[in-house]
Amino acid sequence: MGKPDRKQRANAAIAGLRTVLSRAMGAASAAKLRAEADRAAAEFERSVQTMGLGAAARSPELMAKVRADARLCEVWRGLEAERDASYGDWNRDGLPALRRLVAEAAPGAAGAEGHRWLAYPGAGGPTPRLWRVGRAAVEHSAEEFPLAVPLLGAGHLRVNSAPGGRAAADSVVETLLARMLATLAPGQLRVHIWDIGHLTGPLPNLHPLTAERLLTVHDATLLGDLLSTLAGHIRRAHDAALREGRRAAHRPGDPWRVAVLFGNGERLPDEISRELSRVARTGPDAGVHLVLVDVPVSVNSPLETITFTEPDVAKSSMTGPGVLVRPDPPLPAVDVTALATAVHERVHEFRGGPRGFADLLSEPTHSARDELRTPIGFAEGEPVDVVLGDATPHALIAGPSGSGKTNLLYALLGGLASRYSPDELELYLLDFKEGVSFAGLTPGRKDISYLPQARLVGVNVNTDREFGLALLRFLTAELARRATAAKRHEVTKLAELREADPQGRWPRIVAVIDEFQALFAGRDRITMQAAALLEDVARRGRSQGIHLVLASQDIGGIEAFWGKPAVFEQCTLRIAMPKARRVLAEENLAAMSLPRWHVVVNHDSGVAHGNITAHVPDASSRGTFDDLQRALWAQLNSNPPRLFDGAHQPDLIAAADYANPSGPLLGQVIDVNDRAATLRLEAAPGRNLAVLGTATADAMAVLESAALSLARSHEPGGCDFSLWCPVPALESRVRELAARLEKLGFPVDLRTDESIAELTPSSGDKPRYVVFPAVDAAHRWLEKKEPPAMTSGLDRLRALLRDGPAHQVHVLGWWRGVARLKDTMGFGGFDDIGAWVALDVQGSELTTLAAGQVVDWSPRPQRAIFFDRTTHSHPDVLIPFDTATAITPLKPEDPA
Ligand SMILES: Nc1ncnc2c1ncn2[C@@H]1O[C@H](COP(=O)(O)OP(=O)(O)OP(=O)(O)O)[C@@H](O)[C@H]1O
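An unreviewed UniProt entry lists the protein chain under the name FtsK/SpoIIIE domain-containing protein, with Actinokineospora guangxiensis as the source organism.

Next up, the structure:
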């Protein structure tokens with residue numbers, strides 16, 4: 001029998017029942033015509049008509065009238081006869097039809113009596129149309145029939161308890177849910193419970209279901225959140241149906257969701273009522289159904305009602321007022337618990353235990369053309385995806401320290417890296433936290449594997465905000481490159497560009513910045529520039545496949561953003577860890593009640609209806625991400641990522657530019673690319689270098705790097721070195737450098753005494769480099785005037801600085817402060833110092849050296865700034881190299 005046929009019969013049977021009742025009540029109306037002459041009889045009939053025979057029979061007043069008046073007695077009998085005639089029809093035809101109907105529409109455990117049906121979890125199959133609630137009988141009839149209500153795929157149910165009779169209402173709900181568990185395939189029913197009054201869990205016998213999140217008990221204060229979750233589910237189901245061209249939003253095989261709300265008979269706040277009506281209206285089509293116990297709401301969607309009039313007697317909207325309903329007695333608690341446990345175990349078995357990191361992974365064969373998509377956790381055992389694409393270009397993640405933010409990032413990176421090859425995805429990872437959370441993604445000493453999609457990893461950058469700035473500059477440049485290509489192909493977004501340029505390599509770029517608020521830590525140029533660049537990348541990255549993932553402990557603290565909401569607005573994907581503030585919309589408090597290792601994933605800018613709560617598996621313990629990385633490293637070809645470690649002084653011999661330097665290298669620039677600052681030393685005035693500050697080790701490192709790289713940039717013997725050291729404490733270090741240079745085949749003029757004052761202005765046709773540490777310490781010798789011309793060493797040094805460069809004699813000197821440099825230079829000013837490296841010198845002191853511009857620099861250990869008047873618009877921050885291995889190679893034959 002077809003479904004519509006069954007439905008027709010169901011309707012016909014219910015209509016039959018209603019006819020019987022209305023006849024019973026309306027029989028009086030036929031008699032009224034006949035008895036028009038007798039006004040009293042007519043009135044009597046009318047009142048019986050209004051009350052119904054049953055109620056009239058219970059009225060002592062009315063029955064006294066009947067007994068006292070033969071005419072009325074006759075009318076009464078007539079009415080009873082009519083009713084009995086109708087009951088005859090009903091008993092003969094209606095009842096069997098109704099029983100057949102219930103048996104058919106509520107098969108097996110959905111409609112069975114007793115409780116033997118509780119023994120086994122459901123096996124699946126078609127979803128029953130009706131669910132048995134109990135027995136019912138028409139008044140004055142001994143014949144009972146089963147009463148069942150429609151729910152799944154149809155509408156909602158309201159149960160109103162009698163005063164003091166809440167247990168009976170609970171039992172109706174428990175029995176209904178148990179019938180569903182014993183009918184539907186395990187996992188096909190998700191129950192949400194909200195109870196305004198209970199502090200302990202309602203429906204305790206079903207609690208074994210909570211372990212697999214088949215049942216969720218919601219906080220009494222958070223009904224709004226539950227409704228938002230349901231609304232979000234409904235919306236996503238409708239969206240998916242639209243996408244897939246389905247009519248019904250509930251896909252066959254998708255779990256049903258039943259939300260049981262236990263109220264206290266009082267009206268819900270207006271806003272909640274409105275939300276509830278919305279869920280009620282749109283829910284059934286998406287498999288979401290409500291069971292409302294003592295929740296007075298009017299909903300304009302199919303709703304059946306069971307109202308208890310006495311503790312064990314009720315009326316129902318299915319049958320109308322003339323039918324008494326006796327709900328089935330409560331089920332044995334142990335049997336319900338056993339059923340719930342059995343369902344839980346089946347689901348647990350089917351899911352293979354709790355979902356773990358491995359369940360997030362896939363094969364690296366996915367295309368990133370339209371979007372990046374990966375699960376990062378599980379809700380009710382089903383994967384929860386995050387999407388970075390045109391609609392959700394950027395993500396904002398927040399959670400207090402220890403809430404699992406780093407773990408979540410690993411889950412995200414693992415999911416993405418397992419799906420998208422290095423040609424589809426490039427990762428740039430920056431961690432402003434103290435510590436090395438992403439360092440493992442680069443080759444290490446113990447484990448040489450690396451994450452093939454990672455291009456850059458920055459760790460310990462908490463004091464090097466310039467590195468964050470450099471990453472943003474790099475992304476802006478990449479944006480511009482992509483925009484130019486898109487323009488050339490006359491397209492506007494990445495998917496189209498890839499179509500138009502199938503040979504091109506256009507991976508999506510994901511830049512993860514953990515504790516990104518550190519970028520905005522000062523009220524300075526870096527903060528301003530970072531805010532502007534971030535806004536630019538956020539705005540334009542969307543169409544060019546450049547995605548930001550910004551994570552922070554406290555988004556509220558980022559002052560730099562209050563005037564620039566654009567960055568936040570572009571981050572339409574929000575992920576909140578437990579107790580995360582501000583990352584979701586203001587009135588969306590879902591993160592406050594999250595259990596440990598759970599997150600709220602929200603693709604709707606944090607508005608409550610977008611909430612999906614997911615459990616995030618452990619992605620940071622041994623055997624999770626590290627295993628994946630090794631497997632991908634073995635499987636996928638790509639160059640190792642660059643590691644920038646702010647706590648580590650870069651080794652000169654390992655610097656990329658040291659292999660083939662084009663001039664003196666001064667230190668490593670804080671940049672996305674491994675790049676050294678190189679001084680241009682052509683034969684032109686001003687081509688000298690001043691190193692400034694008292695940080696001896698750093699100053700020496702700068703001079704040594706410069707000398708050694710200069711040697712490397714010449715053929716052996718192709719230039720001369722003068723090493724002049726007026727400070728005994730530095731002598732041994734300078735001698736080591738001299739020895740190294742000589743070993744490399746360069747003549748060295750080493751002076752450590754008064755002979756420094758003689759100076760040697762020129763060295764013929766070969767370039768000469770004068771490396772002169774602690775120039776100011778030599779003043780005691782330089783200031784002496786010598787007859788007959790009475791010129792001092794200082795005069796000769798000034799002349800050397802002025803005239804030397806044009807003759808390829810360049811001074812690389814170190815002064816222990818700006819004032820000391822000034823002493824050396826005299827009134828001539830700084831024109832002959834074309835470039836400088838400042839160490840522990842305040843920015844304000846450097847203005848005169850930087851062509852009058854304000855230098856934003858607060859000294860910090862092992863950092864310097866480099867400014868070259870001929871090439872720089874503003875200084876670069878440097879990290880002086882570690883020169884130890886370059887000066888004393890580990891192996892004597894080392895080419896360094
Ligand atoms: N989903 C999870 N399952 C199991 N353990 C987890 C999970 N998430 C995090 N942990 C563990 O909790 C600890 C803290 O996590 P994590 O380092 O990710 O937190 P965090 O928010 O990044 O903290 P912080 O900002 O202080 O570094 C770690 O030991 C981690 O292994």
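Structure shown, so let's carry the discussion forward.
Engineer: Account for the site of the ligand, with residues named and values stated.
Structural biologist: As a matter of local geometry, the ligand sits amid 14 residues, with Ser401, Gly402, Thr406, Asn407 and Val616 nearest to it. Taking Thr406, its side chain carries an N or O atom lying 2.4 Å from an oxygen atom of the ligand. The contact in question runs from a nitrogen atom of the ligand to an N or O atom on the backbone of Val616, over 2.6 Å. Taking 620 Å² as the accessible area of the ligand by itself, protein coverage stands at 70%. In the shell around the ligand, the residues fall into four nonpolar, seven polar and three charged.

Engineer: Tell me about the pairing of strand β22 (residues 665-669), and please be specific about residues and values.
Structural biologist: Regular strands place side chains that alternate from one sheet face to the opposite one. With respect to burial, β22 is a largely interior element, five of its five residues being buried. One ladder, built from three bridges, connects β22 with strand β23 (residues 676-678); its direction is antiparallel. Considered in β23, the bridge of Leu665 is made with Thr678. The antiparallel hairpin formed by β22 and β23 contains six residues in its connecting segment. Here β22 runs beside strand β33 (residues 876-879); their pairing, made up of two bridges, is antiparallel. Counted as the bridge partner of Gln668 is Ile879 from β33.

Engineer: Requested: an account of the UniProt feature "binding site: ATP" (unreviewed entry) in the protein chain, with residues and values cited.
Structural biologist: With numbering matched to this structure, UniProt assigns "binding site: ATP" (unreviewed entry) to Gly399, Pro400, Ser401, Gly402, Ser403, Gly404, Lys405 and Thr406. Residue placement: Gly399 occurs in the loop between β13 (395-398) and α10 (405-419). Those residues in contact with Gly399 that lie beyond four places of it in its chain are Lys405, Ser552, Gln553, Met577 and Ala580. Note on placement: Ser403 falls in the loop between β13 and α10. Residue Ser403 is classed as buried on the basis of its relative accessible area, which comes to 10%. Not counting chain neighbours up to four residues away, the residues in contact with Ser403 comprise Met577, Pro578 and Trp597. Among the polar contacts made by the side chain of Ser403, one reaches the main-chain carbonyl oxygen of Pro400 at a distance of 2.6 Å.

Engineer: I'd like a description of the domain arrangement of the protein chain, backed by residues and values.
Structural biologist: Here the protein chain is partitioned into domain 1 (1-105), domain 2 (122-353), domain 3 (363-645) and domain 4 (652-887). Inter-centroid distance (C-alpha atoms) of domain 2 to domain 3 is 40 Å. Facing twelve residues of domain 2, the contacting portion of domain 3 comprises 13 residues. Taken together, both faces of the contact between domain 2 and domain 3 bury some 1,100 Å²; the carbon and sulfur share is 43%. Counting the contacts that link domain 2 with domain 3 gives two salt bridges. Here Glu382 and Arg190 are joined by a salt bridge, their closest N and O atoms 3.7 Å apart. The interface formed by domain 2 and domain 3 contains one residue pair in polar contact (both at pLDDT 80 or more). Of all elements in the fold, only β4 (189-195) and α7 (223-244) reach the threshold of two or more residues within the side of domain 2 that touches domain 3. Looking at the side of domain 2 that touches domain 3, the element that brings in the most residues is α7, giving five residues.

Engineer: Give a description of the environment of Ala677 that names residues and reports values.
Structural biologist: With respect to the element layout, Ala677 can be found in strand β23. Residue classification places Ala677 among the buried residues on the basis of a relative accessible area of 4%. When the C-alpha atoms of Ala677 and Pro664 are compared, they prove to be 8.3 Å apart, with 13 residues separating the residues in sequence. Here Ala677 is in contact with Pro664, Leu665, Leu666, Gly667, Val669, Phe866 and Leu878, once residues within four sequence places are set aside.

Engineer: Could you give me a rundown of the sheet that holds strand β1 (residues 130-138), with the residues and numbers involved?
Structural biologist: Pairing in this open sheet of ten strands is mixed, and the strands run β2-β1-β10-β9-β8-β3-β7-β6-β4-β5 from one edge to the other. In this open sheet, the two strands that pair with only one neighbour each are β2 (144-150) and β5 (215-218). Taken over all neighbouring pairs, the strand axes of this sheet differ in orientation by 25° on average, direction set aside. By the bridge criterion, five bridges tie β1 to strand β10 (residues 320-327) in an arrangement that is antiparallel. If you follow Gly134 over to β10, its bridge partner there is Pro327. Sheet strands in contact with helix α8 (residues 270-282) are β3 (156-160), β6 (256-262) and β7 (288-293), and its direction is about 130° off that of β7.

Engineer: Describe the packing of aromatic side chains, with residues and values.
Structural biologist: Two measures describe an aromatic ring pair: the distance that separates the ring centres and the angle between the ring planes. For the coordinates displayed, the defined rule picks out twelve aromatic pairs. Where Tyr410 meets Phe438, the ring centres are 6.2 Å apart and the plane angle is 55°; that geometry is what we call tilted. Placement of Tyr410 in helix α10 and of Phe438 in the loop between β14 (425-431) and β15 (454-459) is noted, with a sequence separation of 28 residues between them. For the pair formed by Tyr410 and Phe438, the shared burial category is buried. Between Tyr450 and Trp633, the aromatic rings sit 6.3 Å apart at their centres with planes inclined by 70°, giving edge-to-face as the arrangement. Pair noted here: Tyr450 is in the loop between β14 and β15 and Trp633 is in helix α15 (residues 625-635), with a separation of 183 residues, a long-range link. Using a relative accessible area of 10% as the deciding quantity, one classes Tyr450 as buried. A relative accessible area of 31% places Trp633 in the partly exposed class. One aromatic cluster is present, built from ring pairs that chain together Phe357, Tyr410, Phe438 and Phe625. Positioned above the aromatic ring of Tyr658 is the side chain of Arg712, whose terminal nitrogen or guanidinium carbon lies 4.4 Å from the ring centre. Across the ring face of Trp781, the terminal group of Arg780 is positioned such that the distance to the ring centre comes to 4.1 Å.

Engineer: Report on the pattern of salt bridges, specifying residues and quantitative values.
Structural biologist: Summed over the entire model, instances satisfying the criterion amount to 47 salt bridges. The residue Arg816 makes a salt bridge to Asp776 at a minimum N-O spacing of 3.1 Å. Pair noted here: Arg816 is in the loop between β30 (809-815) and α20 (818-825) and Asp776 is in the loop between β27 (768-772) and α18 (779-782), with a separation of 40 residues, a long-range link. Classification of Arg816 as partly exposed rests on a relative accessible area of 30%.

Engineer: I'd like a rundown of the nonpolar core, residues and numbers included.
Structural biologist: For soluble globular proteins, the rule of thumb is that nonpolar side chains tend to be buried together. Residues Leu475, Leu550, Leu692, Leu821, Trp836 and Leu846 are the most contacted members of the largest nonpolar core, which totals 82 residues. Sequence-distant contacts of Leu692, that is, excluding residues within four places in its chain, are made with Trp815, Gly817, Val818, Leu821, Trp836, Val837, Ala838, Leu839, Asp840, Val841, Leu846 and Leu849. Counting residues in hydrophobic clusters, the runner-up holds 63 residues, among them Val191, Leu209, Val336 and Val343.

Engineer: How would you summarise the side chain of Arg465 if you had to cite specific residues and measurements?
Structural biologist: You can see Arg465 is positioned in helix α11 (residues 465-488). The class of Arg465 is buried, set by a relative accessible area of 11%. In this structure Arg465 touches Phe432, Ala518, Leu519, Phe520, Ala521, Gly522, Asp524, Ile526 and Thr527, once residues within four positions along its chain are discounted.

Engineer: Lay out the packing of helix α4 (residues 60-68) against helix α5 (residues 70-105) in plain terms, naming residues and giving numbers.
Structural biologist: Look at α4 against α5: their axes get within 5 Å of each other, and the N-to-C directions meet at 115°. Compared by their axis directions, α4 and α5 come out roughly perpendicular. Contacts between α4 and α5 involve Met63, Lys65, Val66 and Ala68 from the former and Ala70, Leu72, Cys73 and Trp76 from the latter. Of the residues assigned to the contact of α4 with α5, the class counts are seven nonpolar, no polar and one charged.

Conventions adopted
Residues numbered from 1 in each chain as written. Predicted model: local features only at pLDDT ≥ 70, side-chain atom pairs only at ≥ 80, totals over all residues. Heavy atoms only, no water. Near = heavy atom within 4 Å. Polar contact = N/O pair within 3.5 Å; in protein donor to acceptor, adjacent residues only side chain to side chain. Areas by Shrake-Rupley, 256 points an atom, 1.4 Å probe, with all protein chains shown as cover. Nonpolar A, V, L, I, M, F, W, Y, C, P; charged D, E, K, R; others polar. Buried < 20%, exposed > 50% of the residue type's maximum accessible area, 1.4 Å probe, protein only. Helix = DSSP H or I, 4+ residues; strand = E, 2+ residues; numbered from the N terminus. Pairing = 2+ DSSP bridges. UniProt positions renumbered as here; feature names shortened; annotations may be inferred. Contact = heavy atoms within 4.5 Å. Domains from an automatic or database assignment. Buried area = accessible area lost by both parts, 1.4 Å probe. Salt bridge = Lys/Arg side-chain N within 4 Å of Asp/Glu carboxyl O. Axes fitted to C-alpha atoms, helices over the stretch in contact; angles between N-to-C directions. Phe/Tyr/Trp six-rings, centres within 6.5 Å; stacked < 30°, edge-to-face > 60°. Lys NZ or Arg CZ within 6 Å of the ring centre and 35° of its normal. Core = buried A, V, L, I, M, F, W, Y, C linked by side-chain atoms within 4.5 Å. Parallel < 35°, antiparallel > 145°, perpendicular 65-115°, else oblique.

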